[in-house]
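An overview of the molecular structure
Below, each chain spelled out in residue letters.
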Amino acid sequence: MFNTGMCNPRNYSDTPPTSKSTVEELQEPIPSLFRALTEGETQLNWNIVTFPVVEELSHHENLVSFLETVNQPQQQNISALVSQSQEQENMCTVVYFDDCMSIYQCKASCESMGATKYRWFHNACCECVGPECIDYGSKTVQCTNCMV
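What counts as what
Residues numbered from 1 in each chain as written. Predicted model: local features only at pLDDT ≥ 70, side-chain atom pairs only at ≥ 80, totals over all residues. Heavy atoms only, no water. Salt bridge = Lys/Arg side-chain N within 4 Å of Asp/Glu carboxyl O. Buried < 20%, exposed > 50% of the residue type's maximum accessible area, 1.4 Å probe, protein only. Helix = DSSP H or I, 4+ residues; strand = E, 2+ residues; numbered from the N terminus. Polar contact = N/O pair within 3.5 Å; in protein donor to acceptor, adjacent residues only side chain to side chain. Contact = heavy atoms within 4.5 Å. Phe/Tyr/Trp six-rings, centres within 6.5 Å; stacked < 30°, edge-to-face > 60°. Pairing = 2+ DSSP bridges.

Labelled according to an unreviewed UniProt entry, the protein chain appears under the name Tsg C-terminal domain-containing protein, originating from Hymenochirus boettgeri.

This is the structure we're talking about:
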């Protein structure tokens, strides 16, 4: 194959690992357990972050424009969620583990604390997503000992 010069191929090595992540919904969340573990101060090795669901949904901008061309009903559902969350001012709570871990450890840790979903950043930072979150939490890496 030869390069015609018509396209500029994307160099994926230019993208930092912190901008890439893997997400998954967990099969048997326990919202009451997650809420209990994330209320108040903790001496555990994690960081609890809470922010408005509206802020979480602002990450949907690219997804919504993509879905408009692919699946119109899905886009309407997201728009309804945005307006619903603005009315209720729900808060999204996520937990970042301080230390790096494998994707399997991340999933197991989030399952054990009753999380609804998890996000594993490709620098090995793990984020467990609470039941009030509509999407997959924050796209910002906030693991204190895992910031490579």
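There is more to say, and it comes next.
Close approach of charged atoms allows side chains with opposite charge to pair. One pass over the full model with this rule turns up three salt bridges. Between arginine 119 and glutamate 127 there is a salt bridge, with the nearest N and O atoms lying 3.6 Å from each other. Classification of arginine 119 as buried rests on a relative accessible area of 5%.

Now for the side chain of glutamate 127. Mapping glutamate 127 onto the fold places it in strand β5 (residues 126-129). Classification of glutamate 127 by relative accessible area gives buried; the value is 0%. Within the local environment of glutamate 127, its side chain forms a polar contact with the backbone nitrogen of serine 138, the two atoms lying 2.8 Å apart. Aside from chain neighbours lying at most four places away, what touches glutamate 127 is Val94, Val95, Tyr96, Cys106, Cys110, Lys117, Tyr118, Arg119, Phe121, Tyr136, Gly137 and Ser138.

Our next topic: the packing of aromatic side chains. Scanning the entire structure with this criterion turns up one aromatic pair. On the basis of an interplanar angle of 80° and a centroid distance of 5.7 Å, the ring pair of tryptophan 46 and phenylalanine 97 is categorised as edge-to-face. Taken together, the positions of tryptophan 46 in strand β2 (residues 46-52) and phenylalanine 97 in strand β3 (residues 91-97) put the pair 51 residues apart, joining distant regions of the chain. The exposure classification of tryptophan 46 matches that of phenylalanine 97, with both residues buried.

Our focus in this paragraph is the pairing of strand β4 (residues 117-121). Counting buried positions along β4 gives five out of five residues, so the element sits mostly inside the fold. Where burial is concerned, the two faces of β4 agree: the one with Lys117, Arg119 and Phe121 and the one with Tyr118 and Trp120 are both buried. The sheet contact formed by strand β1 (residues 21-25) and β4 spans five bridges and is antiparallel. In the strand pairing of β4, glutamate 25 is matched with lysine 117. Where β4 meets β5, four bridges bridge the pair, whose relative direction is antiparallel. Counted as the bridge partner of tryptophan 120 is cysteine 126 from β5. In this antiparallel pair of consecutive strands, β4 and β5, the connection spans four residues, and alanine 124 shows a positive phi of 80°.

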